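One letter stands for each residue in the lines below.
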Amino acid sequence: MTRPYGLLRAGFPYLKTLGMRRITNFPIDVAFGRDGVVYVLLRSEGVAMIRVWSIDDAEQLSGDLVQIGGYGTGDGQFQWPVQIVCNEAGDLFVSDEATHRISRFKEDGEFVGVWGVEGTASGELKGPAGIAFDNQGNLVVVDSQNHRVQRFTPEGEFLGGFGSHGAEPGQFDLPLGVHIDEFGCIYVADWGNNRIQKFDADGEPIMVIGKEGAGDGEFHRPMGVAVDAHGDIYVADWGNNRVQMFNQDGLYIWNFMGDATLSRVARTYMMTNAMPNRLREMGRIQQEIYLRRPRSVRIDQEFRLFVADYESYRIQVYQKDAIPLDQETMAASIRNPTLATT
């Protein structure tokens, strides 16, 4: 897909909320399956699983909740999972920073295999966090505690890597999230350095976005990063309780602070539980819309933004509204911009 020359940004309205506390407890990441299936990775103390849900949400809570995996160290189990991705065949891959390995499942939940050896040598892992597929179908893994990025085949064969500990371009301090765009460029959420770094497919630095702070374009512990087909960049700014959006040149555009409403399943649940309704009536309802410690961001093919709203136990979804522009409908870059408008 060719990126447009420019965009007419009409807005990015809130679309819906998915899940609720009894279903999507502490969501840390999201992956997209087929036919509207959403895989939500859940993680809290003593709990780890993949919740199989629907983009349409559900009408009511039932005893038939579908999950994949569970807490532990055995086959098909995790202890401290970080990210989940789905390949073209529908297979799911999950990173686990506690057991230093990557687990693989079929889309129906069947366990396929696991790989990863704890260590600091090339091809070994220490706290693997973000994972993403490159354009050849290989898996790029953010090797967080080794402060580097490594590349493997889906079966775990080591292919190469880059990075070291530090604060210079090309170095990392406990990196977490990762995304690879259609050109093979690698975007890494450099958690400890409070920035996003962009690299070419070979690991050569291209661009650095952000610094520590709470202002526009600044971060406090960024955890997730995603890039859409227009080239726009989204960052889960965990410590600032927001998601920030940048254009492909790293220019700040706007942020998302949270606009949640009760999900469809939550509304049905509340109508059958009198005490939660009383407690909600006594609280400050406005606070319920905001993001609380967002852990990841994902963009689907329909330009819907999914935010893992970790401490609110839900997924907030937004719908991008933008019109691609060509050279006839958007002027060339302005060399000497002024405040004057016409």
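Before any of the text, the structure's been laid out above.
First, a word on scope: everything that follows refers to the structure included in this document. Not measured: the values here are computed from a predicted model.

Rules of the game
- Residues numbered from 1 in each chain as written.
- Predicted model: local features only at pLDDT ≥ 70, side-chain atom pairs only at ≥ 80, totals over all residues.
- Heavy atoms only, no water.
- Pairing = 2+ DSSP bridges.
- Helix = DSSP H or I, 4+ residues; strand = E, 2+ residues; numbered from the N terminus.
- Axes fitted to C-alpha atoms, helices over the stretch in contact; angles between N-to-C directions.
- Buried < 20%, exposed > 50% of the residue type's maximum accessible area, 1.4 Å probe, protein only.
- Salt bridge = Lys/Arg side-chain N within 4 Å of Asp/Glu carboxyl O.
- Contact = heavy atoms within 4.5 Å.

**Comments concerning the sheet that holds strand β19 (residues 195–199)**
Moving on, step 1. Strand order in this open sheet of four strands is β17-β18-β19-β20, and the pairing throughout is antiparallel. The strands lining the two open edges of the sheet, one partner per strand, are β17 (178–180) and β20 (205–209). The mean angle between the axes of side-by-side strands here comes to 15°, regardless of whether they run parallel or antiparallel.
Moving on, step 2. One ladder, built from four bridges, connects β19 with β20; its direction is antiparallel. Bridging across to β20, Phe199 finds its partner in Pro205.

**Here we look at the pairing of strand β4 (residues 37–44)**
Moving on, step 1. A large share of β4 lies buried, amounting to seven of its eight residues.
Moving on, step 2. Bridging between strand β3 (residues 27–32) and β4 involves five bridges; their strand directions are antiparallel. Among the inter-strand pairings, Ala31 is bridged to a residue of β4, identified as Tyr39.
Moving on, step 3. The antiparallel hairpin formed by β3 and β4 contains four residues in its connecting segment, where Asp35 sits at a positive phi of about 55°.
Moving on, step 4. Alignment of β4 against strand β5 (residues 47–54), held across eight bridges, turns out to be antiparallel. In the strand pairing of β5, Ser44 is matched with Val47.
Moving on, step 5. Hairpin connection of β4 to β5: two residues between the antiparallel strands, including Gly46 at a positive phi of 80°.

**Let's talk about the pattern of salt bridges**
A pair can form between side chains of opposite charge whenever their charged atoms are brought close.
Moving on, step 1. For the structure on display, the rule yields 21 salt bridges.
Moving on, step 2. Between Asp237 and Arg242 there is a salt bridge, with the nearest N and O atoms lying 2.8 Å from each other. The exposure classification of Asp237 matches that of Arg242, with both residues buried.
Moving on, step 3. One network of salt bridges, with partners in common, ties together Arg9, Asp228, Asp232 and Lys320.

**Digging into the side chain of Asn138**
Moving on, step 1. Its place among the elements puts Asn138 in the loop between β13 (128–133) and β14 (139–143).
Moving on, step 2. The class of Asn138 is buried, set by a relative accessible area of 16%.
Moving on, step 3. Non-local contacts of Asn138, meaning those with residues more than four positions away in its chain, are made with Ala132, Phe133, Arg151, Phe152, Thr153, Pro154 and Leu159.

**Comments concerning the sheet that holds β13**
Across a sheet, strands are paired by hydrogen bonds formed along the backbone, either parallel or antiparallel in direction.
Moving on, step 1. Judged by pairing direction, the sheet is antiparallel, and its four strands sit side by side in the order β13-β14-β15-β16 without closing on themselves. Bordering the open sheet on either side are β13 and β16 (158–162), each of which pairs with just one other strand. Pairwise comparison of adjacent strand axes, ignoring direction, gives a mean angle of 25° for this sheet.
Moving on, step 2. Two strands pair when backbone bridges link them, and β13 and β14 are joined in this way by four bridges, in the antiparallel orientation. Residue pairing across strands places Ile131 opposite Val141, the latter belonging to β14.

**Points about unusual backbone geometry**
Moving on, step 1. Positioned with a positive phi, Arg293 is a non-glycine residue whose angle comes to about 55°.
Moving on, step 2. Its place among the elements puts Arg293 in the loop between α2 (274–282) and β25 (294–299).
Moving on, step 3. For Phe303, which is not a glycine, the phi torsion comes out positive at approximately 60°.
Moving on, step 4. As for its placement among the helices and strands, Phe303 is situated in the loop between β25 and β26 (304–309).
Moving on, step 5. What makes Phe303 buried here is its relative accessible area of 17%.

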